[in-house]
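Here are the chains, one letter per residue:
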Amino acid sequence: MNALSPAPARERPSPETVAAVIRELTAQFGNRVVTSQAVREQHGSTLTWVANQPPDAVVYAGSTEDVQAVVRVCAAHKMPVIAFGTGTSLEGHVNAPYGGISIDLSSMNKVLAVHAEDLDCVVQPGVTRKAVNEHLRDQGLFFPIDPGADASLGGMAATRASGTNAVRYGTMKDNVLSLTAVMPNGDVVRTSPRARKTSAGYDLTRLLVGSEGTFGIITELTLKLAGIPEAISAGVCPFPTIKAACDAVIVTIQSGLPVARIELLDEVQVAACNAYSKLTLPETPLLLVEFHGSDASVREQAERFGEIAAEFEGGPYEWATKAEDRTRLWQARHDVYWAAVGLRPGARVIATDVCVPISRLAECVDETKRDIVESGITAPIAGHVGDGNFHTSPLVMMDDPDEIARVTGFIERLVARAIAMEGTCTGEHGIGQKKMRFMELEHGPEALNLMRTLKRAIDPDNIMNPGKVVTV
């Protein structure tokens, strides 16, 4: 059930070391150091079937200097350090398998600067995407990366998140211009100036974006912004089969239609969303689509999409013309995890994702759908299919060993299928603990050893979020 890669070659700190670190931190931070069982378990919370592994203490940081002070104490004692934002990750990123100190960044939640003329802003890592967009709205700007959960921007950068808008606006790697991070020795590094591009030296920004807290702790980000579109058109289009829906997506992307969002829900997920979000969507495979631009351009784009859908027996394409209707529709899409919970009361939802080249999307989703049926499991499918990324959410009764085995086998086959199609074991969830065992299959031993070399060079004592991404 919880088969993970071999544990890194390190041990938990001794009780004496833990006590010494907590004493030093308490002397500096007072009641911002918390050791209660409930708070520690909250910071080991993980939306997977990997067991909760709480840290030894939690420190609530308020500044880069606070993070630096905590890291320096931990480095002196070779104590693990785990960054914590909002705890919405899905692959065990915030667990503390070797104990250590969790640095809670939720109080570092300010928008520090907005440069409207340059279309960028500077934020602290604990601010959430919804809070950023509330702050930006009056200036006609928004931050387009939308993973669904109201995640922290630091966590989104650390996991290289994306979401529903990625097909048009890219992922976090495309939208973080620069960042500030505290490194394992306590040094503070700024990775790049605020300029839109640079060819000066190694790309440290992208080295840290997606590193999942294993190289350093992000304490400030400079983000690329976009203008709020003049017009937005969204709608729903049902299809007779999941393959027909995926084929329509492929043609839409290959034809160069500038779709902002194009999301797939299979009939199981649609039924769950109808029940949870009080909708009346047709319970058949369908696409949720959105276009951004001028009134004329979005009308033309929507009409062209309707024509493409009809080629695959899709339709009718129904527009959601009111802003409140669009909001309700996309909120239902973002709530698919919680909607899935209602399909089998008492079951655990195991959310997982893969991503394949867009040309292989229909084949991969269709084979996955057959695998679900043949495995006799309940696993709704949803996905950001405009860039080949889709999710399944198997529901597992954790007291049923046979069901656990069937779901485990299904996930193994799903990943192997995606990688065989030149895809990846995760398009946006990240590796954390849960997908470490797939890293060599995807990257090969040479690339994986290069990653280990980088980890050892940057974090020789393996204190930064140990037990995640790669073993060292």
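In the annotation of an unreviewed UniProt entry, the chain is listed under the name D-lactate dehydrogenase (cytochrome) and assigned to Methylobacterium nonmethylotrophicum. Note on the chain: under the UniProt heading Sequence similarities (unreviewed entry), the record states "Belongs to the FAD-binding oxidoreductase/transferase type 4 family." Under the Cofactor (unreviewed entry) heading, UniProt states for the chain: "FAD".

Caption draft 1: How the structure looks around the overall build of the chain. Helix and strand content of the chain: 16 helices and 20 strands. Here the C-alpha radius of gyration of the chain, 22 Å, is about what a compact globule of 472 residues would show, namely 23 Å. Seen along its three principal axes, the alpha-carbon backbone of the chain occupies a region of about 65 × 60 × 45 Å. For the chain, the share of sequence-separated contacts (at least 6 apart) that also reach a separation of at least 24 residues comes to 73%. Accessible surface, the chain as shown: approximately 18,600 Å² in total, 52% of it carbon and sulfur. When the 44 basic and 57 acidic side-chain charges of the chain are each reduced to a single mean position, those positions are 4 Å apart.

Caption draft 2: Main features of the domain arrangement of the chain. Annotation of the chain at the domain level lists domain 1 (15-106), domain 2 (111-227), domain 3 (231-421) and domain 4 (435-466). Centre-to-centre, using C-alpha coordinates, domain 1 lies 36 Å away from domain 3. Between domain 1 and domain 3, the residue contacts involve six residues of the former and ten residues of the latter. Buried area between domain 1 and domain 3, summed over both chains or domains, comes out near 640 Å², and the portion from carbon and sulfur atoms is 65%. When the area that domain 1 buries against domain 3 is broken down by residue, the three leading residues are Leu47, Trp49 and Leu90, summing to 79%. Across the domain 1-domain 3 interface, the total number found is zero salt bridges. Between the two partners, domain 1 and domain 3, sit zero residue pairs in polar contact (both at pLDDT 80 or more). Residues that form the side of domain 1 that touches domain 3 fall into these classes: three nonpolar, two polar and one charged.

Caption draft 3: Spatial organisation of a nonpolar patch on the surface. On the surface, a cluster of nonpolar side chains totalling about 290 Å² of accessible area is made up of Tyr276, Trp338 and Val341. By the secondary structure assignment, Trp338 is in helix H13 (residues 336-341).

Caption draft 4: Quick look at helix H9 (residues 242-254). Between its first and last C-alpha, H9 extends 19 Å over 13 residues, near the 18 Å set by a 1.5 Å rise per residue. Residues of H9 that are buried include every one of Ile242, Ala244, Ala245, Cys246, Asp247, Ala248, Val249, Ile250 and Thr252, and no others. Following H9 by one or two positions, Gly256 has its phi on the positive side, about 80 degrees.

Caption draft 5: Here's a closer look at the UniProt feature "domain: FAD-binding PCMH-type" (unreviewed entry) in the chain. Following the UniProt record, the feature "domain: FAD-binding PCMH-type" (unreviewed entry) maps to residues 51-228 here. Along residues 51-228, the helical share is 23% and the strand share 24%, with 42 Å between the first and last C-alpha atoms.

Caption draft 6: Seen up close, the sheet that holds strand E19 (residues 389-392). The strand order across the open sheet built from seven strands is E15-E12-E14-E13-E18-E19-E17, with neighbouring strands paired in antiparallel fashion. On the outer flanks of this sheet lie strand E15 (318-320) and strand E17 (352-355), each paired with one strand and no other. The sheet shows a mean angle of 20 degrees between the axes of neighbouring strands, direction not considered. Bridge analysis of strand E18 (residues 381-384) against E19 gives four bridges, and the strand direction is antiparallel. Its bridge partner being in E19, His384 is matched across the sheet by Asn389. Along the sheet, H9 makes contact with strand E13 (259-265), strand E14 (286-293) and E18, crossing E13 at roughly 165 degrees.

Caption draft 7: How the structure looks around the pattern of salt bridges. This structure, assessed with the given rule, holds 29 salt bridges. Glu220 is paired through a salt bridge with Arg190; the nearest N and O atoms lie 3.7 Å apart. Of this pair, Glu220 sits in strand E10 (residues 217-224) while Arg190 sits in strand E9 (residues 188-190); the two residues are 30 residues apart in sequence, bridging distant segments of the chain. Two residues, Glu363 and Arg360, come together in a salt bridge whose shortest N-O distance is 2.9 Å. For Arg360, a relative accessible area of 26% gives the class partly exposed. Linked by salt bridges that have partners in common, Arg129, Asp146, Arg261 and Glu290 make up one network.

Criteria and thresholds
Residues numbered from 1 in each chain as written. Predicted model: local features only at pLDDT ≥ 70, side-chain atom pairs only at ≥ 80, totals over all residues. Heavy atoms only, no water. UniProt positions renumbered as here; feature names shortened; annotations may be inferred. Helix = DSSP H or I, 4+ residues; strand = E, 2+ residues; numbered from the N terminus. Rg over C-alpha atoms; globule rule 2.2 N^0.38 Å. Contact = heavy atoms within 4.5 Å. Areas by Shrake-Rupley, 256 points an atom, 1.4 Å probe, with all protein chains shown as cover. Lys, Arg positive; Asp, Glu negative; His and termini not counted. Charge placed at Lys NZ, Arg CZ, Asp CG, Glu CD. Domains from an automatic or database assignment. Buried area = accessible area lost by both parts, 1.4 Å probe. Salt bridge = Lys/Arg side-chain N within 4 Å of Asp/Glu carboxyl O. Polar contact = N/O pair within 3.5 Å; in protein donor to acceptor, adjacent residues only side chain to side chain. Nonpolar A, V, L, I, M, F, W, Y, C, P; charged D, E, K, R; others polar. Patch = residues over 30% accessible without salt bridge, like charges linked within 9 Å, V, L, I, M, F, W, Y side chains within 5 Å. Expected span 1.5 Å × (residues − 1). Buried < 20%, exposed > 50% of the residue type's maximum accessible area, 1.4 Å probe, protein only. Pairing = 2+ DSSP bridges. Axes fitted to C-alpha atoms, helices over the stretch in contact; angles between N-to-C directions.

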